[in-house]
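# Commentary on secondary and tertiary structure
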Protein chains: 2
Amino acid sequence: MAQKPSIPKGTRDFSPSEVVKRNYIFDVVKKHFQTFGFQPIETPSFENSQTLMGKYGDEGDRLIFKILNSGDYLSKVSDETYTQKNSTSLTSKISEKALRYDLTVPFARYVVMHQNEIDFPFKRYQIQPVWRADRPQKGRFREFFQCDADVVGSDSLLQEIELVQLYDAVFTDLKLTVTTIKLNNRKILAGIAEVIGAKERLIDFTVALDKLDKIGVDGITKEMLEKGISEEAIEKATPLFSLSGTNTEQLQVLAELLKDSDEGKKGVEELTFIIEAVEKLGLQSANLTIDVTLARGLNYYTGAIFEVGAPAGVKMGSIGGGGRYDDLTGIFGLKDVSGVGISFGLDRIYLVLEELNLFPEEIDKSLEVLCVNFGDKEAFAALQLVTNLRKNGIKADVYPSSVKMQKQMKYANKRNVPYVVIIGEQELTDGNFVVKNMEKGDQETYKLSNVSEFIAAL
Amino acid sequence: MAQKPSIPKGTRDFSPSEVVKRNYIFDVVKKHFQTFGFQPIETPSFENSQTLMGKYGDEGDRLIFKILNSGDYLSKVSDETYTQKNSTSLTSKISEKALRYDLTVPFARYVVMHQNEIDFPFKRYQIQPVWRADRPQKGRFREFFQCDADVVGSDSLLQEIELVQLYDAVFTDLKLTVTTIKLNNRKILAGIAEVIGAKERLIDFTVALDKLDKIGVDGITKEMLEKGISEEAIEKATPLFSLSGTNTEQLQVLAELLKDSDEGKKGVEELTFIIEAVEKLGLQSANLTIDVTLARGLNYYTGAIFEVGAPAGVKMGSIGGGGRYDDLTGIFGLKDVSGVGISFGLDRIYLVLEELNLFPEEIDKSLEVLCVNFGDKEAFAALQLVTNLRKNGIKADVYPSSVKMQKQMKYANKRNVPYVVIIGEQELTDGNFVVKNMEKGDQETYKLSNVSEFIAAL
């Protein structure tokens, strides 16, 4: 009996129109990755389980897709282990491989394995799918692409400056102008925690501070107190509550607040260096702003922290983010490899471009010329014409069978073809072909012996 | 303790140089897919197990990678099933998803699921990885890309003609000239079996016939007899033993041999139509030849069968193949969808291009300009220059730290950079930058205020 087909929840089929739009984004991103000197690598879809497990916390481990060993996988399981019927302890006996969960851990593994071939500093980009056994929901998938650019083996702040420029270049090219690139520094967050004496409450503090616009000073003070942050700490942090104005003004407030924290001062210094350089170099369309509440993956980053918000007016979370980390590869035995990287959120960028109608108009023109098929002899002449057009890089086709013209025209309309070519019996006798402009509705006659005239007109 | 990292056997990391070369092949193939009117789709990496299982025979089923269910997967297994400790019966209880094994079954599933959105005839291409738990060996991997183009919903032989042209266009563009496109037809094979009265021995017959060049008529006769093909059958098949000469001559021999088989005659007719059309249209560099021993996936194909051999002198199996099939989607409940398709063997094409040194020379130029870093002030001027170059689409970079010039030049050499820019203290004072041509060894001085002069010279 025939099966009614379906696909696993949280996965997607991509139609031609969707693939073309996704590739448009990838191509723009890749182009700028390359002009910025990044080089592509690719890693296998599955890694040895021990490469991945234990790198993303307990929750992450749970969300990693494990691959069942091949063949008679139970033959290697001792009866003692088997009789327990415990999923957790059985898994490591019957599964040795797992689908990659992100691109960062495979990249770290790659750098360590290939350290002798790599010319450091290594600027790599990687655009590949990752898999997570997350509960599927709107905008969250079990298979999705990540799109990362990282520089490892250099602790120069020039990299941070370049990554801000890279975001600006990509989003400007995608016509996603007026994005906001938020910038923070882990050392500033550490400095704030030090100064207010609430190190272990730092996340609660920044989460509350982030709500300043919404609930005001009274609101965040209340929340901080509820979270166990002392009145004294809140008092000391007061200058942060009125942090506003230009980046330079904010840097002054931060410098004053953090003057007694060595780490905090270093953070202000780094932030100042990046911001001044970017201001001198100029951005094409993005705004770079300090956001001291920005704390993405706090424990991971050690220096700069980036996040790009969707353009004003679009309801969407961040469309990119990243930061500097001091020890990417230590877990695989290679110490002192500092890195800094950013990522682009493909699915969200897609949705934003769709919402703002920013995909190029010509993106849906998958076929430029379609020849109507009037029978074997006519179709052969059409195929001769089409062969010539294709050699000139023009997307062209002959309708495969001589069905009713109406059906063929319907197909042309659905494929959004701008030019339909007619070679019927009469045209063949006269040595002509007629080109119908589907937008304007008018038509033009050319000689079959002079196709280049038509090509030039296209 | 640090782990010594490795990757699962049969999988590969791809270095920047390898990714760039692979993408070069993909890009050429895609370009021609598009000019021939094919549209891209993508399907999920894993499918529901029932979509894949039972489609590739017992051996295929065994080679499909199964994904372990998430969470406490054993809780759904009855004690009765569990206590048997049988890998085969347990698998279906603890695994519901599997990695795709090829692109054809997912495509069939796609066509059935999306039949109401698709405009038939549907010309689709798909370039995605597939996974097989095969024993890894030289040139055989557990993860590899397939690259397929199929037309479904049309039984016109125009498609076969176009697919021959498509092979020719792609391989000519890749400079893989003088490839041989072998063509056969399932109906001719069926006709031969019918005429010689050895239907159930057809594969043995073609396998032996294929050795004609190597072991001669006596050799293949001996082998056929050993395989249980009767003397009478061999006698009837004799005309095939001297099948040579032009396609036209071979078609004449086949027409005579198969004159009593309706199916065989139909096969000769189809082959003749395709070959005559291709000869009239002309190929750019490939040779199209009849090969009656060609029987790829015999049970699958119903009409034309294609295979492309590597160029003469390269020891390598086929670099492409395909054919027509009558019922792609029947297994998922959609009847009467005929299709024809071809595939390109990426890994083998890669090896052939490498062996014949056919990758474009400029492919390894991942960076066009590198600025030496002489310190903060100089590096900032360099970054201004680089910002300008990148806006003009030039791949440019500043070395991230002001280490010894020797080290920076070594990096430039390793990255194969053609132009190294020097902006030291003196250049900064003079408002100049010096461009060193790494191939010729000479250098040129430009004004920092007139970068466009340098851009024009590139």
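Here the structure is a predicted model, which means the values were calculated and not measured.

### A short note on the overall build of chain A
- A count of helical and extended segments in chain A gives 18 helices and 16 strands.
- In terms of overall size, chain A is more extended than a compact globule, its C-alpha atoms giving a radius of gyration of 29 Å where 458 residues would be expected to give roughly 23 Å.
- Sequence separation of 24 or more characterises 69% of the internal contacts of chain A that already satisfy a separation of 6 or more.
- Carbon and sulfur atoms make up 47% of the accessible area of chain A, which amounts to about 20,100 Å² in all.
- In chain A, the 56 positive side-chain charges and the 66 negative ones have mean positions that sit 6 Å from each other.

### Some points on the pairing of strand 10 (residues 320-325) of chain B
All names here are of chain B.
- For strand 10, the tally of buried residues reaches six of six residues, placing the bulk of the element in the interior.
- Side chains of strand 10 alternate between two faces, with Gly320, Gly322 and Arg324 and Gly321, Gly323 and Tyr325 buried alike.
- Sheet topology note: the strand 10/strand 11 (residues 339-344) ladder contains six bridges and is antiparallel. Across the sheet, the residue bridging to glycine 323 is glycine 341, located in strand 11.

### Concerning the sheet that holds strand 16 (residues 443-447) of chain A
All names here are of chain A.
- As summarised here, the arrangement of the five strands in space is 13-12-14-15-16, forming an open sheet in which the pairing is mixed. For this open sheet the edge positions go to strand 13 (396-398) and strand 16, each flanked by a neighbour on one side alone. In this sheet, adjacent strand axes meet at a mean angle of 25° when their direction is disregarded.
- Bridge count for strand 12 (residues 369-371) against strand 13 is three bridges, and the pairing is parallel.

### Concerning the side chain of B:Arg142
- Relative to the helices and strands, B:Arg142 resides in the loop between strand 5 (122-131) and strand 6 (143-152).
- Of the buried charged residues, B:Arg142 lacks a salt bridge, with A:Glu96 as the closest side chain of opposite charge at 7.4 Å.
- For B:Arg142, the side chain forms a polar contact with the main-chain oxygen of B:Asp134, separated by 2.9 Å.
- Contact partners of B:Arg142, with chain neighbours within four places excluded, come to A:Lys97, B:Lys9, B:Gly10, B:Phe65, B:Val130, B:Trp131, B:Arg132, B:Ala133, B:Asp134 and B:Pro136.

### As for helix 13 (residues 262-281) of chain B
- Helix length check: helix 13 of chain B (20 residues) gives 29 Å between terminal C-alpha atoms against 28 Å at 1.5 Å per residue, within 8%.
- Of the residues one or two after helix 13 of chain B, B:Gly282 is the one with positive phi, at around 80°.

### A closer look at the sheet that holds strand 7 (residues 180-185) of chain A
Residue and element names in this part refer to chain A.
- The strand order 1-5-6-11-10-9-7-8 describes an open sheet built from eight strands, whose pairing is mixed. Both outer strands of the open sheet, strand 1 (39-40) and strand 8 (287-290), are each paired with one neighbouring strand and no more.
- Two elements, strand 7 and strand 9 (residues 304-309), share six bridges in a ladder whose sense is antiparallel. Across the sheet, lysine 182 pairs through a bridge with glutamate 307, a residue of strand 9.
- The sheet contacts of helix 8 (residues 186-196) involve strand 7 and strand 9, and relative to strand 7 the element is tilted by about 55°.

### Some details on the packing of helix 8 (residues 186-196) of chain B against helix 11 (residues 231-241) of chain B
Residue and element names in this part refer to chain B.
- The N-to-C vectors of helix 8 and helix 11 enclose an angle of 140°; their axes lie 8 Å apart at closest approach. Overall, the two elements helix 8 and helix 11 adopt an arrangement that is oblique. Along the contact surface, helix 8 presents Ile192, Val195 and Ile196, while helix 11 presents Ala233, Lys236, Ala237 and Leu240.
- When the residues that make up the contact of helix 8 with helix 11 are grouped by side-chain class, the tally is six nonpolar, no polar and one charged.

### Re the UniProt feature "binding site: L-histidine" (unreviewed entry) in chain A
Residue and element names in this part refer to chain A.
- UniProt feature "binding site: L-histidine" (unreviewed entry): in the numbering of this structure it lies at Asp102, Leu103, Thr104, Arg132, Gln146, Asp150, Arg296, Tyr300 and Tyr301.
- In this structure, threonine 104 sits in helix 6 (residues 104-113).
- Residues contacting threonine 104, with those up to four places away along its chain left out, are Asp148, Tyr300 and Leu328.
- Its place among the elements puts tyrosine 300 in the loop between strand 8 and strand 9.
- Residue classification places tyrosine 300 among the partly exposed positions, given a relative accessible area of 39%.
- Those residues in contact with tyrosine 300, other than ones at most four positions away along the chain, are Thr104, Arg324, Tyr325 and Leu328.

### Quick notes on the relation of the copies chain B and chain A
- Here chain B sits on chain A after a turn of 180° about the axis and a move of 0.0 Å along it, with an RMSD of 0.1 Å. Here the copies are linked by what is in effect a two-fold axis. Identified as the residue of chain B closest to the rotation axis by C-alpha distance is B:Ile67, at 2.3 Å.
- Of the interface residues in chain B, 100% have counterparts in chain A that sit at the interface too, so the contact is made through matching surfaces.

### A look at the domain arrangement of chain A
- Domain annotation for chain A reports domain 1 (16-355) and domain 2 (365-457).
- The centre of domain 1 of chain A, based on its C-alpha atoms, is set 51 Å off from the matching centre of domain 2 of chain A.

### Concerning the packing of aromatic side chains
- Scanning all chains against the criterion turns up 37 aromatic pairs over all chains.
- Aromatic side chains B:Phe171 and B:Phe344 sit 5.6 Å apart centroid to centroid with 50° between the ring planes, which places their arrangement in the tilted category. Of the two residues, B:Phe171 is situated in helix 7 (residues 158-173) and B:Phe344 in strand 11; the sequence distance between them amounts to 173 residues. B:Phe344 matches B:Phe171 in its accessibility class, with the two residues each being buried.
- The structure contains a cluster of three or more aromatic residues connected by ring pairs, namely A:Phe33, A:Phe38, A:Tyr125, A:Tyr167, A:Phe171 and A:Phe344.
- Stacked on the ring of A:Phe14, the Lys or Arg A:Arg22 has its end atom at 3.8 Å from the ring centre.

### As for the nonpolar core
- Ranked by internal contacts, the top residues of the largest apolar core, which has 98 residues, are B:Ile25, B:Phe33, B:Leu240 and B:Phe344.
- Per-element accounting of this core gives the leading share, nine residues, to helix 7 of chain B.
- In this view, B:Phe33 contacts B:Phe38, B:Tyr125, B:Ile127, B:Cys147, B:Asp148, B:Ala149, B:Leu166 and B:Phe344; residues no more than four positions away in its chain are not counted.
- Counting residues in hydrophobic clusters, the runner-up holds 97 residues, among them A:Leu158, A:Leu271, A:Phe306 and A:Ile349.

### Section: the environment of A:Leu385
All names here are of chain A.
- Looking at the element boundaries, leucine 385 is found in helix 15 (residues 376-391).
- For the pair formed by leucine 385 and lysine 123, sequence separation is 262 residues and the distance between their alpha carbons is 47 Å.
- Ignoring sequence-local partners within four residues, the contact set of leucine 385 consists of Cys371, Val421, Ile423, Phe433 and Val451.

### Considerations on unusual backbone geometry
Residues and elements named next belong to chain A.
- Residue phenylalanine 120 is joined to proline 121 through a cis peptide bond whose omega torsion reads -5°.
- Of note in the backbone geometry, lysine 85 takes a positive phi value of approximately 45° without being a glycine.
- Residue position: lysine 85 is located in the loop between helix 4 (79-83) and helix 5 (87-94).
- For lysine 85, a relative accessible area of 23% puts it in the partly exposed group.

The rules behind each value
- All residue numbers here refer to positions counted from 1 along the written sequence of the relevant chain.
- All chains are assigned letters beginning with A, and all ligands numbers beginning with 1, in the order in which they are written.
- Given that this is a predicted model, residues contribute local features only at a pLDDT of at least 70 and side-chain atom pairs are listed and counted only at 80 or more, while totals for whole chains, interfaces and linings are drawn from all residues.
- To obtain the side-chain values, all non-hydrogen atoms of the structure were used and water was disregarded.
- Here a strand is any run of E in DSSP of at least two residues, a helix any run of H or I of at least four, and the numbering for each starts at the N terminus.
- For this measure, only C-alpha atoms enter the radius of gyration; the expected value for a globule follows 2.2 Å times N^0.38, where N is the number of residues.
- The contact rule is simple, with two residues in contact once any of their heavy atoms fall within 4.5 Å.
- Surface accessibility in these figures is a Shrake-Rupley result with a 1.4 Å probe; residues are shielded only by whichever protein chains are displayed.
- For the purpose of charge, His is not counted, nor are the chain termini; Lys and Arg are scored as positive and Asp and Glu as negative.
- Taken as the charge centre is NZ of Lys, CZ of Arg, CG of Asp or CD of Glu, depending on the residue.
- Only protein chains enter the calculation, and the probe is 1.4 Å; a residue is then buried if its accessible area is under 20% of its type maximum, exposed if over 50%, and partly exposed in between.
- In this scheme, strands are said to pair when DSSP sees at least two bridges between them.
- Angles here are taken between N-to-C directions and fall from 0 to 180 degrees, while the axes themselves are lines fitted to C-alpha atoms, restricted in helices to the stretch in contact.
- What counts as a salt bridge is simple: a side-chain nitrogen of Lys or Arg found within 4 Å of a carboxyl oxygen of Asp or Glu.
- Counted as a polar contact is a pair of N or O atoms within 3.5 Å, where, for protein atoms, one must be capable of donating a hydrogen and the other of accepting one, and residues adjacent in sequence contribute only when both atoms are in side chains.
- To estimate how far a helix should extend, the number of its residues minus one is multiplied by 1.5 Å.
- Relative orientations are named as follows: roughly parallel for angles under 35 degrees, roughly antiparallel for angles over 145 degrees, roughly perpendicular for angles from 65 to 115 degrees, and oblique for any other angle.
- Polar here means any residue other than Ala, Val, Leu, Ile, Met, Phe, Trp, Tyr, Cys and Pro, which are nonpolar, and Asp, Glu, Lys and Arg, which are charged; Gly is therefore polar.
- UniProt positions are given in the numbering used here, feature names are shortened, and annotations may be inferred rather than shown by experiment.
- Here the copies are matched by least squares. The fit uses the C-alpha atoms of residues with pLDDT of at least 70 in both.
- Note that the domain bounds reflect an automated or database-derived domain assignment.
- Between rings of Phe, Tyr and Trp, where Trp is taken as its six-membered ring, a pair exists when centres lie within 6.5 Å; planes separated by under 30 degrees are stacked, by over 60 edge-to-face, and by other angles tilted.
- By definition, being over a ring means that NZ of Lys or CZ of Arg is both within 6 Å of the ring centre and within 35 degrees of the ring normal.
- For the purposes of this section, nonpolar cores are sets of buried Ala, Val, Leu, Ile, Met, Phe, Trp, Tyr and Cys residues that join through side-chain atoms within 4.5 Å.

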